[in-house]
Amino acid sequence: MAKIAVLGYGTVGSGVVEVLSDNAESIAKKAGETIEVKSVLDIRDFPGDPIQEKIVHDIDLIVNDDEIDVVVEVMGGVEPAFTFVKKALEAGKSVCTSNKALVAAHGAELLALAKEKNLNFMFEASVGGGIPIIRPLNGSLTADEVTKITGIMNGTTNYILTKMSREGSSYEEVLKEAQELGYAERNPEADVEGYDACRKIAILTSIAYGKTVNFEEITTEGITKISNEDFMYADKLGCVVKLLATSYEKDGKVYAITSPFMINSTHPLYNVNGVLNGIHLNGNMVGDVMFFGAGAGKLPTASAVVGDVVDCVKHKGKNVIMLWSAEKLELASTDEEVRSFFVRVKGNSEDLSEVKKAFGEVKTVTVDELEGEFGFITDKMTEKSFNEATSKINMISRLRIDDTELQ
């Protein structure tokens, strides 16, 4: 019998306990032995809940318990999670986590410590929730060189943008509804400003290229400035607006960005709607691969965590190699990236003199309900050239365009 401890009895922590209980028989067959939760760390007590008899308030009771083989960290945040996870690894226990903030900040260090101790540090649930992506990237696709990763990696923002697109509701209205439904936090900043998705693409890029990506260096824009007018133009063009987190390699340089993009119906992520997530990956041998499903939620996330627990039990005493070193991966400047842009400007679409001076020939688009403005799509150009050109026109807003191809 393998015994584990769970750090944090919140949404995901209680889900882990539930998955292990409800699917105990099939999990035991896959792990080769039964898996039992011995201890659960939380600052709270849970009177009336059967878990109460396993609740502890001191991490050292878990760290010093020789019966515990695997520690599950689902507390969230960087501290005290990092300190607790490091203690567990140093004490000879493998660790599984869903904590993207922890993995983005300390992934390479914790992987190195696990390897040194002949243990495992696993974090499948930290990026795609219930969607398997870490294991395929580290195992199934190791014969490939990854050329591009693009994902809708945040269910909150995808829900908001989907509702705005389909119903014409304002950002503020849909955000309030998302909070009432539990899809958005009371303080939604990490989601709506793109920070959550940014951390996830940093993790995937670090694994894909084997070096550490500092998420703070990734150009990141959120969805707070997306308007109903943007969706009116998108609809006219047969497009939708999605918050994409993407990275790719071109000419020996790696680029990464998290931003709202306009995409058309040929894009593999076009139909990823609501709270669902999707991740599109291109390898130089396998070509295009798509991962789709529940990117968050109690049981989908817990399912991915328990999958890691089973892997740790099966590989007890053996480190599963993951090539992610502490060496820093220097990202190329966003200014060098080449793409097309959709731009809204004040004025009349019949008078394109200023636009043509700045951008040359463009494809214009008008929306009957919107007076005193029009939109246009640029040819492919660098971000730097685009930013310089916009100083010469009366721009209202702009959206990047992603066509999935390397520019």
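Owing to the predicted nature of the structure, the values given are computational and were not obtained by experimental measurement.

Chemist: Outline the overall build of the protein, listing residues and values.
Modeler: Helices and strands together make up the secondary structure of the protein, namely 15 helices and 18 strands. Relative to its length of 407 residues, the protein is compact, with a C-alpha radius of gyration of 23 Å against a globular reference of 22 Å. In terms of principal-axis extent, the alpha carbons of the protein reach across some 75 × 45 × 35 Å. Per-residue burial over the protein gives 55% buried out of 407 residues. Total accessible area computed for the protein in this model is approximately 18,000 Å², and 47% of it derives from carbon and sulfur atoms. Positive and negative charge centroids in the protein, built from 42 and 63 side chains respectively, lie 2 Å apart.

Chemist: Run through unusual backbone geometry, naming residues and quoting values.
Modeler: Cis geometry is found at the peptide bond from Glu-79 to Pro-80, where omega equals 5°. Note on placement: Pro-80 falls in the loop between β4 (68-73) and α4 (81-90). Positive phi is not limited to glycine here, since Asn-118 has a value of about 60°. Mapping Asn-118 onto the fold places it in the loop between α5 (100-116) and β6 (121-122). For Asn-118, a relative accessible area of 37% puts it in the partly exposed group. For Asp-251, which is not glycine, the phi torsion reads 55° and is therefore positive.

Chemist: Describe the packing of aromatic side chains, and please don't skip the residues or the numbers.
Modeler: Taken as a whole and judged by the stated rule, the model has nine aromatic pairs. Each ring, one from Phe-359 and one from Phe-386, has its centre 5.8 Å from the other, and the planes form 45°; the classification is tilted. One end of the pair, Phe-359, is in helix α14 (residues 353-359); the other, Phe-386, is in helix α15 (residues 383-390), with 27 residues separating them in the sequence. For Phe-359, a relative accessible area of 12% puts it in the buried group. Given the relative accessible area of 1%, Phe-386 is considered buried. Through pairs of rings, three or more aromatic residues link up here, namely Phe-341, Phe-359, Phe-376 and Phe-386.

Chemist: Describe helix α8 (residues 155-167), naming the residues involved and giving the relevant values.
Modeler: Taking 1.5 Å per residue, 13 residues should reach 18 Å; α8 reaches 18 Å between its end C-alpha atoms and fits that length. Among the 13 residues in α8, ten count as buried, and that is most of the element. When we look at burial in α8, the residues that qualify are Gly-155, Thr-156, Thr-157, Asn-158, Tyr-159, Ile-160, Leu-161, Thr-162, Lys-163 and Met-164. Contact partners of the buried residues in α8: β7 (146-152), α9 (171-181), α10 (189-192), α12 (228-236), β9 (239-250) and β11 (276-283). Where α8 starts, the residue carrying a side-chain oxygen 3.2 Å from the main-chain nitrogen of Thr-156 turns out to be Asn-154. Remark: Gly-168 follows α8 within two positions and exhibits a positive phi of approximately 75°.

Chemist: Got a sec to walk through the sheet that holds strand β1 (residues 2-7)? Specific residues and values, please.
Modeler: The sheet built from six strands is open, its strands ordered β3-β2-β1-β4-β5-β6 with parallel pairing. The outermost strands of the open sheet, each flanked by one partner alone, are β3 (55-56) and β6. Relative to strand β5 (residues 94-97), β4 runs parallel, the two sharing four bridges. Paired with Val-71 across the strands is Val-95, a residue of β5.

Chemist: So what's going on with the state of the cysteines? Which residues, and what values?
Modeler: Enumeration according to the criterion identifies zero disulfides in this entry. Cys-96 forms no disulfide, and the closest cysteine sulfur to it belongs to Cys-312, at a distance of 3.6 Å.

Chemist: Pulling in residues and values, what's your account of the side chain of Asp-311?
Modeler: Mapping Asp-311 onto the fold places it in helix α13 (residues 298-314). Sequence-distant contacts of Asp-311, that is, excluding residues within four places in its chain, are made with Met-122 and Arg-135.

Chemist: Tell me about the pairing of strand β12 (residues 287-294), and name the residues and values.
Modeler: Remember that side chains alternate between the two faces of the sheet whenever the strand is regular. As defined by bridge partners, β11 adjoins β12 across eight bridges and the pair is classed as antiparallel. Within β12, the residue paired with Gly-278 across the bridge is Phe-292. Count of turn residues in the β11/β12 antiparallel hairpin: three residues.

Chemist: How would you summarise the pairing of strand β18 (residues 395-401) if you had to cite specific residues and measurements?
Modeler: The sheet contact formed by strand β10 (residues 253-264) and β18 spans two bridges and is parallel. From the neighbouring strand, Phe-261 faces β18, where its bridge partner is Arg-400. When strand β14 (residues 341-346) meets β18, the two strands line up antiparallel, connected through five bridges. Looking at β18, one finds that Val-345 is bridged to Met-395.

Chemist: Explain the environment of Lys-117 to me, and be specific about the residues and the numbers.
Modeler: You can see Lys-117 is positioned in the loop between α5 and β6. By relative accessible area, which is 36% here, Lys-117 ends up partly exposed. Residues Lys-117 and Leu-89, 28 residues apart in the sequence, show an inter-C-alpha distance of 7.4 Å. Excluding anything up to four places from it in sequence, Lys-117 contacts Leu-89 and Glu-90.

Chemist: Summarise the environment of Gly-347; cite the residues concerned and give the values.
Modeler: Its location among the elements puts Gly-347 in the loop between β14 and α14. With a relative accessible area of 36%, Gly-347 lands in the partly exposed category. Separated by 25 residues in the primary sequence, Gly-347 and Gly-372 place their C-alpha atoms 5.2 Å from one another. With residues up to four places along the chain from it excluded, the contact list for Gly-347 reads Gly-372, Glu-373 and Phe-374.

Definitions and limits used
Residues numbered from 1 in each chain as written. Predicted model: local features only at pLDDT ≥ 70, side-chain atom pairs only at ≥ 80, totals over all residues. Heavy atoms only, no water. Helix = DSSP H or I, 4+ residues; strand = E, 2+ residues; numbered from the N terminus. Rg over C-alpha atoms; globule rule 2.2 N^0.38 Å. Buried < 20%, exposed > 50% of the residue type's maximum accessible area, 1.4 Å probe, protein only. Areas by Shrake-Rupley, 256 points an atom, 1.4 Å probe, with all protein chains shown as cover. Lys, Arg positive; Asp, Glu negative; His and termini not counted. Charge placed at Lys NZ, Arg CZ, Asp CG, Glu CD. Phe/Tyr/Trp six-rings, centres within 6.5 Å; stacked < 30°, edge-to-face > 60°. Expected span 1.5 Å × (residues − 1). Contact = heavy atoms within 4.5 Å. Polar contact = N/O pair within 3.5 Å; in protein donor to acceptor, adjacent residues only side chain to side chain. Pairing = 2+ DSSP bridges. Disulfide = S-S within 2.5 Å.

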